[in-house]
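# Structure assessment
Residues per chain are reported as follows:
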Amino acid sequence: MAQNYISRGEVITLTAGASYTSGSPYRIDGFNGVALLTVSSGDLMSFQLEGIFEFTLASVTAGDLIYIDSNDDLTLTSTANDLYGRAVTSSDSNNKFYCRIAQSYGS
């Protein structure tokens, strides 16, 4: 094995620059992910970069591109927002849907 191998990179450790809530979507330092624990600013945090997560957003159809805005809210609107992932399922009657996180390295 390569001597410089660190990890698979599915989860990274960051120093939280704000408070983050476990299970919520965020875009931090250009990475899309989900906070695995609730942390306060200055704490070390585990940030999941890959996987499928359940979120809440109305009017999602399976296959839709999901975007994240500057407030870390998910949206279907691409204008002035960053790509976050792709819907795996459509929104159910409670507006819950599954989203596969995507990394967009262009911005």
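Anything mentioned here points back to the structure above.
The sections below set out a description of the structure shown in this document. (Residues numbered from 1 in each chain as written. Predicted model: local features only at pLDDT ≥ 70, side-chain atom pairs only at ≥ 80, totals over all residues. Heavy atoms only, no water.)

## Some remarks on the nonpolar core
Keep this limit in mind: In this description, a nonpolar core means a group of buried Ala, Val, Leu, Ile, Met, Phe, Trp, Tyr and Cys residues linked to one another through side-chain atoms lying within 4.5 Å. Classification of residues uses two cut-offs on accessible area relative to the type maximum, computed with a 1.4 Å probe and protein chains only: under 20% is buried, over 50% is exposed, and between them is partly exposed. Helix numbers and strand numbers start at the N terminus; a helix is a DSSP run of H or I with at least 4 residues, a strand a run of E with at least 2. Every residue pair with non-hydrogen atoms within 4.5 Å of one another is taken to be in contact.
Val-34, Phe-55, Leu-57, Val-60, Ile-66, Ile-68, Leu-74, Tyr-84, Ala-87, Phe-97, Cys-99 and Ile-101 form the largest nonpolar core, which has 12 residues in total. With 3 residues, the top contributor of residues to this core is strand β9 (residues 96–101). Setting aside chain neighbours within four positions, we find Leu-74 in contact with Pro-25, Phe-55, Leu-57, Ile-66, Tyr-67, Ile-68, Tyr-84 and Phe-97. Membership of the second largest hydrophobic core comes to 11 residues, among which are Ile-12, Tyr-20, Ala-35 and Val-39.

## Remarks on the environment of Leu-76
Tracing the sequence through the fold places Leu-76 in the loop between β7 (74–75) and β8 (82–87). Every residue in contact with Leu-76, bar those within four places of it in the chain, is listed here: Leu-57, Ala-58, Ser-59, Val-60, Asp-64, Leu-65, Ile-66 and Tyr-67.

## Description of the pattern of salt bridges
Note the following rule: Salt bridge, as used here: a side-chain nitrogen of Lys or Arg that lies within 4 Å of a carboxyl oxygen of Asp or Glu.
Scanning all chains against the criterion turns up 2 salt bridges. In this structure, Arg-8 and Glu-10 form a salt bridge, with 2.8 Å as the shortest nitrogen-oxygen distance. By relative accessible area, Arg-8 is classed as exposed at 67%. Given the relative accessible area of 27%, Glu-10 is considered partly exposed. Taking the shortest distance from any N to any O, the salt bridge between Asp-82 and Arg-27 comes out at 3.3 Å. Of this pair, Asp-82 sits in strand β8 while Arg-27 is found in strand β2 (residues 25–28), placing the two residues 55 residues apart along the sequence. Here Asp-82 falls in the partly exposed class, since its relative accessible area comes to 27%. Classification of Arg-27 by relative accessible area gives buried; the value is 16%.

Take it as geometry only, folks, not as evidence of what the structure does.
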